[in-house]
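Chain by chain, the residues run as shown.
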Amino acid sequence: MERVLLDEKAVERSISRITLEILEKNQGSKSLSLIGIRTRGVFLAKRICDKISAVESRQMPLGVLDITMYRDDIATLKAPEVKKTDIPFNVNDMTIVLIDDVLHTGRTTRAAIDAIMDLGRPTRIQLAVLVDRGQRELPIQPDYTGIYYTAAPEEEVFVRLREIDGKDEVVLTARL
Amino acid sequence: MTILIKHGRLIDPKNDRDERVDILIRGDAIEKIDKNLSGAAADRVIDAEGLVVAPGLIDVHVHLREPGFEWKETIRTGTMAAAKGGFTSVVCMANTDPVNDNKSVTEYIMEKARAEGVVRVFPCGAVTKGLKGEDLSEMGEMRAAGAVAISDDGKSVRNAQLFLKAMEYARLFDLAVICHCEDDALGRGVVHEGLASLVSGLDPVPCLAEEIIVQRDIALAAYVGSPVHITHISTEGSIAIIRGEKRRYDKVTADTCPHYFTLTDEATLTYDTATKVNPPLRAASDVAALKEGLRDGTIDIIATDHAPHDATSKDVEFNLASSGISGLETALALCLGLVEEGILDLKGLIRKMTVNPARLLDLPFGEAAPGKPADLIVFSDRAEWTIDRGAFLSKGKNTPFHGRKVRGKNLLTIVGGRIVYSDPDFR
Amino acid sequence: MSWTHKDLLGVRELSREEILFLLDTADSFRDISRRDIKKVPTLRGKTVITLFYEPSTRTRVSFEIAAKRLSADAVNISTASSSVVKGESLVDTGRNLQSMRPDVIVIRHSMPGAPHMLSRILDCSIINAGDGAHEHPTQALLDLFTIREKKETVDGLKIAIIGDIAHSRVARSNIFALKKFDTEITCCAPLTMLPPGLASLGVKVTDRLDEAVADKDVIMMLRIQKERGGTSYIPSIREYASLYCLNEEHVGRARKDVIIMHPGPMNRGVEISDAVADGPYSVILDQVENGVAVRMAILYLLSGGES
């Protein structure tokens, strides 16, 4: 049983709003860059990047981050597939906006922060997510949120994006 | 003591007999063989219904390891293994420590066998002192002490001139000459030269290593006019040479071992040291040629080359592991596979393990007829079982056949009228 | 896909897909070695023991660096100064090491099948860093990685492997690995160094160097195994070099974008001339860099947990 939290239009509106909030908060910042966390964070980051680039008429630095090597549960997993990390700019003294689809326990964000720290010393890191579903296990908060929904432990929140799933929506399902 | 074996199918190749009969044993000899002896009184009655009765098997190539290597095997444990396997006579090779190159060691072996052995033991003396390939051993004295053959088994006599003299000298004493054919430089590898050595990176032994010495030893024997027996042949080329030579010179005989017609070199790909043997396991084409050689009589005898080893000497890197398979207790089952495949019939198989070995060594055994020594076995050619090295009576548990399902099992062994082995499930 | 092997004993038992997956994984790990902080926490708390019965600097150091860049603890045992000198058997050494609960043991040994022995008796993962003349899987994998990097794909290539093929584990592993792709392999050596039946592995065989290098995309030189009984197969190193040393003239016969490879260490002037070794077509140093990345990938894939 699925319940739609955000339909296609609502997703688009959220992304637009997040984009504007990023620009507003980092007014005129020349050292702004975006890094999307694999897998769906990458597509969100690309969309936000395109929107900003159109408004600011300059190319926003955009990176792709795979956090597998930094997961805190790596010892218990059977060597999950490592995909390419590609951050084609120097992170030193940059304001980086990390972008992911769902914020849940906070562990993915922690891993992403550690990964970026091993590349250099950014001035600041901010976090943008499409859905914050609560149930944090680490003290991590997003700077930009599409929708905030406290899902019960037996509920699962899925983000679908047209680039990979064929359509845009955020759904809630009951875990069987 | 009298033993009556009733309702068994007696296969006695020497007298061309294959029929259902009863056999009465008295003392150490067979007294009577007849269609129906159930009236006869006997101390022990054995019901061999559905089973085969045959003369006890004779193994012309066994390593009993005593004296000198008692942790690998003793005459006692080796002969117990032989009895379990259905062998009532075994010829033990000379590579003991000290080497059996003189009458003292021969006498020691004979005495130990008398005191502790459960089957008949016939020593094979060394050709050269210490197996060094330099001086002839005291063949005459060994013969008098009980030796039936000479061999430097484990290796060849490198010096052709010396081997020639050895063969000439041996004729004085009617000693069979058993040849382990291996050129020592070409034979330095550890696996067959073929796809397996190519893939495994292990040093190869080309078939040539065996074949050039087979050719040489037969040529030497023909020159001298001496009988010659080539032991554990493994290659297609060796068979062809022997087949050809037998047409020209009728004193050539040959044997092979069950592992050479059951496994190929592919078994060595796992680096399992239980498959390390000398000569090595060969290719499928060699296996096919061996079977053909068994079928057409080029190969006269099947022997085991029983080579027990302790776990430590096998539990090392393949290159360093000792060569050899502990084969007395698995031989019959593997040989019966030849019958199943139609290569030999039962009588032909038994002939190669009784009549022919006896003839080679001039032994008064290998026959089941009234008045002859009561060396008999009772076996099932149908019983299915799984080979378990843990159950071996031999100290040597080194076999590549562990866990293999086979058909055919020896159930009872009688030597000189005494039951020396009885399968626990057999009445 | 996911990795299901407990050990890496050879490339022969890997599928083409598994090899490509490993190379893709290595690609990500190479980036780690190229940045300032050459470390990730991925194998934190894991213990990797390198057990080398044969001397080696480059392979051992490569594994050690790979382990350390993954935050694993690396311990080196080279047997010249160890219990093996006191006569301890491989089996006993293995069992003793296992009591210290390593996660991975990397073993190099002079005898084929040694890693397989350890794999049978130990629970931890075993990586074969070279067992006699049998296989050297990580070398073949880094060679493939290098070829793929320079040529974009391994399929459709013509490759020459030149040197003491009979005694070379690098040759065997490379032949096994390359045959899983659409390649044409030519092996070249004096007849005494070509194992009989080599062609049955699906390779061309020649004893003429100028024939072997003609029109090739990749030329792989092997070292003369002086320590593995090399001398009875050739009368002298000098004579070998006069016939089989790769020089610029030979390179000229290959394709214009040929790459020259060597597993190292090189016998300069014996199997390869200075000009070629240091020339523009040589990717020998890339091989070394890629070795660390490939070994990081393997350590990563073998160190997975239970789930």
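Structural notes, computed from the coordinates. None of the values given here were measured: they were computed from a predicted structure.

Cut-off values and rules
- Residues numbered from 1 in each chain as written.
- Chains lettered and ligands numbered in written order.
- Predicted model: local features only at pLDDT ≥ 70, side-chain atom pairs only at ≥ 80, totals over all residues.
- Helix = DSSP H or I, 4+ residues; strand = E, 2+ residues; numbered from the N terminus.
- Rg over C-alpha atoms; globule rule 2.2 N^0.38 Å.
- Buried ≥ 20, exposed ≤ 12 C-beta atoms within 10 Å, placed from the backbone.
- Contact = placed C-beta atoms within 7 Å.
- Nonpolar A, V, L, I, M, F, W, Y, C, P; charged D, E, K, R; others polar.
- Right-handed = clockwise from strand over helix to strand, strands pointing away.
- Pairing = 2+ DSSP bridges.

Summing up its helical and strand segments, chain A has four helices and eight strands in all. Mapped in sequence order, the helices and strands of chain A form the string β-α-β-α-β-β-α-β-β-β-α-β. Against the globule reference of 16 Å for 176 residues, chain A gives a C-alpha radius of gyration of 16 Å, in line with a compact fold. Taken across its 176 residues, chain A has 40% of its residues classed as buried.

As a further point, take unusual backbone geometry. A cis amide bond links R38(A) with the next residue in sequence, T39(A), at an omega value of 10°. Position of T39(A) among the secondary structure elements: in the loop between strand 2 (32–37) and helix 2 (40–56). Here the residue pair E66(B) and P67(B) is connected by a cis peptide bond, since its omega of 5° sits within 30 degrees of zero. Its place among the elements puts P67(B) in the loop between strand 6 (57–62) and helix 1 (75–85). Phi is positive for D16(B), close to 55°, though the residue is something other than glycine. Mapped onto the secondary structure, D16(B) falls in the loop between strand 1 (2–12) and strand 2 (17–26).

Bringing the interface of chain B and chain C into the picture now. Across the contact, 13 residues belong to chain B and 21 residues belong to chain C. Looking at side-chain class alone, the side of chain B that touches chain C contains six nonpolar, four polar and three charged residues.

Our focus in this paragraph is the pairing of strand 10 (residues 176–179) of chain B. All names here are of chain B. Of the two faces of strand 10, the one lined by A176 and I178 and the one lined by V177 and C179 are each fully buried. Traced from strand 9 (residues 149–150) through helix 4 (residues 160–171) to strand 10, the parallel crossover comes out right-handed. Sheet topology places strand 10 next to strand 13 (residues 228–230); two bridges connect them, and they run parallel. Its bridge partner lying in strand 13, I178 is registered against H229.

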